[in-house]
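# Structural overview for review
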Amino acid sequence: MTQIFAHRGYTASSSENTMSAFIEAEEVGVDGLELDVQLTKDGEIVVIHDEKVNRTTDGSGYVKDFLFKDIRKLNAGKQCGKRDPIPALNEVLDWMQSNQLICNIELKNDRFPYKGMEERVIQLVQNYGLTDRIIISSFNHYSVVYSYQLAPDIETAPLFNERIFMPWVYAQSIKAKGIHPKYSRITDKIIKTTMENGIAVRPYTVNKDVDLHRLLNINCSAIITDEPVKALSIRKQYPG
Ligand code: G3P
Ligand code: CA
């Protein structure tokens, strides 16, 4: 059966990448979460999409220039008029002890290299005993490979914006067990062949009914979506 992953949590009534959004996602019955991480000046892994705090919080500036104690004072709940701090990754992993969710951690290190990010993320995942429930992805494929080298037991998956030729060959060559392509850049045939070659395919970010039907119909490994409730409802039509 196709797994449903809530993109940045479930953001119907919570702001993206907040604990409220992750808790709501779990409550509506998703199989997994997708979230984004950046690194603070003092080496804390924090859950936020952009390199800057400006769009999603009431602050301004780069995440990399904040100490954790200062970035925690910002409100990341402004999109929904609530008060929600930027979560530390360890907060999310701690909460995952109380559920069975899978978590796709996207390393946002394609703009700033964030030295030490992979080590810190992996250390946290191992400390919480979550190696079998985490997928590390990134548009920075050097980081995907490095993560695999540091922890071969944690699943990795490169993110793609573009059409890749025989993506299963590429995935196998970097020891990734999955690929996360942009949904509009991959055909049904390539998805099926990739899966037949033992590589999971989790397209992003799939929100329209027509695209959800398309991917559920071919029993795609997983779907990363902003519309998890709709996706879960449509999934009922497809035995898988
Ligand atoms: O992980 C899939 C997707 O989240 C990648 O794009 O910009 O939403 O992080 P973005
Ligand atoms: Ca993301």
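The following paragraphs examine the structure supplied in this document. The shown structure was predicted, so the numbers you read here are calculated from the model rather than taken from an experiment.

### Quick look at the site of ligand 1
H7, R8, E34, D36, H49, E106, K108, F139, L159 and Y204 make up every residue found near ligand 1. In the model, an oxygen atom of ligand 1 is placed 2.8 Å from a nitrogen or oxygen of the R8 side chain. One of the side-chain N or O atoms of E34 is found 2.8 Å from an oxygen atom in ligand 1. Coverage of ligand 1 by the protein chains reaches 88% of its 290 Å² of free accessible surface. Of the residues contributing to the shell around ligand 1, the split by class is 3 nonpolar, 2 polar and 5 charged.

### Comments concerning the packing of aromatic side chains
Within this structure, the stated rule accounts for 4 aromatic pairs. Between the aromatic rings of F112 and Y114, the centroid separation amounts to 6.1 Å while the plane-to-plane angle is 65°, which identifies the pairing as edge-to-face. Here F112 and Y114 have matching classes, each one buried. When the centroid spacing of 6.0 Å and the interplanar angle of 55° are considered together, the rings of F160 and Y170 count as tilted. Separated by 10 residues along the polypeptide, F160 in strand β6 (residues 155-160) and Y170 in helix α6 (residues 167-173) bring together distant segments of the chain. Among the residues examined, F160 registers a relative accessible area of 4% and is labelled buried. Aromatic ring contacts, followed pair by pair, group Y62, F112 and Y114 into a single cluster. Taking the ring centre of Y62 as reference, the NZ or CZ of K52 above it sits at 4.9 Å.

Cut-off values and rules
Residues numbered from 1 in each chain as written. Chains lettered and ligands numbered in written order. Predicted model: local features only at pLDDT ≥ 70, side-chain atom pairs only at ≥ 80, totals over all residues. Heavy atoms only, no water. Near = heavy atom within 4 Å. Polar contact = N/O pair within 3.5 Å; in protein donor to acceptor, adjacent residues only side chain to side chain. Areas by Shrake-Rupley, 256 points an atom, 1.4 Å probe, with all protein chains shown as cover. Nonpolar A, V, L, I, M, F, W, Y, C, P; charged D, E, K, R; others polar. Phe/Tyr/Trp six-rings, centres within 6.5 Å; stacked < 30°, edge-to-face > 60°. Buried < 20%, exposed > 50% of the residue type's maximum accessible area, 1.4 Å probe, protein only. Helix = DSSP H or I, 4+ residues; strand = E, 2+ residues; numbered from the N terminus. Lys NZ or Arg CZ within 6 Å of the ring centre and 35° of its normal.

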